[in-house]
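The residues making up each chain are set out below.
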Amino acid sequence: MAHLVLSVVGDDRTGLVRALADTIAAHDGNWERSELTELAGAFAGVVLVSVPDERHEELTAALGRLDGLLRVTAHTGTTLPAAPGRLLTFTVLGNDRPGIVRDVTSAINEHAVSIDAFTSRTIDAPMAGGLLFEAVVSVRVPADADAAPIVAALERLADEIQVDLNLG
């Protein structure tokens, strides 16, 4: 089986997921995982699909014909085993401002850990007005590494940029 990671984007409207699912199913593909959302009037996401090797090129061509409805880019995935180590998940919450993602990802990168998932959003600040930025981040800490230094770095950063940090 071939694995395809599809990035999809189009103007948000009814039927987009159905059109994508119909195309995948028509080529014996299996929709395994996805993250799909509406962002500023656009529909965007990523989908992991497995498809029989002999139908891979046919499915890729059919996905290209969805252009006008959805722009789909297919990336050939691999079937690597799960990375060793343990997940460290944390939430960042604070007043929205430019640079929070840069600051958090810089702190992560300095400790050579890999981001497994990063989900963020802005929400209305209750009672205070304005916007809050919230991110839920999962990083993979190598099995032989101590998580304490990254936790300490994230806690220092949270104080510096004035956000709440909750470890999960």
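Before reading further, recall that the structure is shown in the block above.
Residues numbered from 1 in each chain as written. Predicted model: local features only at pLDDT ≥ 70, side-chain atom pairs only at ≥ 80, totals over all residues. Heavy atoms only, no water.

Trainee: How should the nonpolar core be read in this particular structure?
Mentor: Soluble globular proteins: nonpolar side chains tend toward being buried together. In terms of nonpolar packing, the biggest core is built from 22 residues, with Phe-90, Val-92, Val-104, Ile-108, Val-139 and Ile-150 touching the most fellow members. Elements with a minimum of two residues in this core: β5 (86-95), α3 (100-109), β7 (131-141) and α4 (148-161). Counting residues per element, this core draws most heavily on α4, which supplies 6 residues. The residues contacting Val-104, other than those within four sequence positions of it, are Phe-90, Val-92 and Leu-157. (Core = buried A, V, L, I, M, F, W, Y, C linked by side-chain atoms within 4.5 Å. Buried < 20%, exposed > 50% of the residue type's maximum accessible area, 1.4 Å probe, protein only. Helix = DSSP H or I, 4+ residues; strand = E, 2+ residues; numbered from the N terminus. Contact = heavy atoms within 4.5 Å.)

Trainee: How should the sheet that holds strand β2 (residues 30-39) be read in this particular structure?
Mentor: Through backbone hydrogen bonds, the strands of a sheet pair up, either in parallel or in antiparallel fashion. Here we have 4 strands laid out as an open sheet, ordered β2-β3-β1-β4, and antiparallel in their pairing. With partners counted over all chains shown, the strands left at the sheet margins are β2 and β4 (71-76), one partner each. Across the sheet, the axes of successive neighbouring strands diverge by a mean angle of 15°, strand direction being ignored. By the bridge criterion, 10 bridges tie strand β1 (residues 2-11) to strand β3 (residues 42-51) in an arrangement that is antiparallel. Looking at the pairing, Ala-2 lines up with Val-51 of β3. On the sheet, helix α1 (residues 16-26) packs against β1, β2, β3 and β4 and is oriented at approximately 160° with respect to β2. Contacting β1, β3 and β4, helix α2 (residues 56-64) crosses the sheet at an angle of about 5° to β1. (Pairing = 2+ DSSP bridges. Axes fitted to C-alpha atoms, helices over the stretch in contact; angles between N-to-C directions.)

Trainee: Help me out: how do you make sense of the side chain of Thr-23 in this one?
Mentor: Note that Thr-23 resides in helix α1. You can call Thr-23 buried: its relative accessible area is 12%. Once you skip the residues sitting within four places of it in the chain, Thr-23 turns out to touch Leu-59, Ala-62, Leu-63 and Leu-66.

Trainee: Would you mind showing me how to read the packing of α1 against α2 here?
Mentor: In a packed pair of helices, the relevant descriptors are the angle between the two axes and the axis-to-axis distance. Contact geometry for α1 and α2: axes closest at 9 Å, N-to-C directions at 155°. Judged on the interaxial angle alone, α2 and α1 are roughly antiparallel. Our pair here, α1 against α2, has a crossing hand that is right-handed. Packed against α1, whose contacting residues are Leu-20, Thr-23 and Ile-24, the element α2 presents Leu-59, Ala-62 and Leu-63 at the interface. Its residues assigned to classes, the contact of α1 with α2 shows 5 nonpolar, 1 polar and no charged. (Parallel < 35°, antiparallel > 145°, perpendicular 65-115°, else oblique. Left-handed = near helix turned anticlockwise from the far one by under 90°. Nonpolar A, V, L, I, M, F, W, Y, C, P; charged D, E, K, R; others polar.)

Trainee: Quick question: what am I supposed to make of the sheet that holds β7 here?
Mentor: Spatially, the 4 strands line up as an open sheet ordered β6-β7-β5-β8, and their pairing is antiparallel. The sheet is open, and its two borders are formed by β6 (114-124) and β8 (164-167), each paired with just one other strand. Across this sheet, the average inter-strand angle for adjacent strands is 15°, counted without regard to direction. Pairing between β5 and β7: 10 bridges, direction antiparallel. Paired with Thr-91 across the strands is Val-136, a residue of β7. Most of the contacts of α3 go to β5, to which it runs at about 150°, and overall it touches β5, β6 and β7. Lying over the sheet, α4 contacts β5 and β8, oriented at roughly 155° with respect to β8.

Trainee: Sorry if this is basic, but what is going on with α2 here?
Mentor: Of the residues making up α2, those classed as buried are His-56, Leu-59, Ala-62 and Leu-63. One side of α2 holds all its buried residues, which, seen down the axis, span an arc of 130°. Along its buried surface, α2 packs onto β1, α1, β3 and β4. (Arc of directions from axis to C-beta.)

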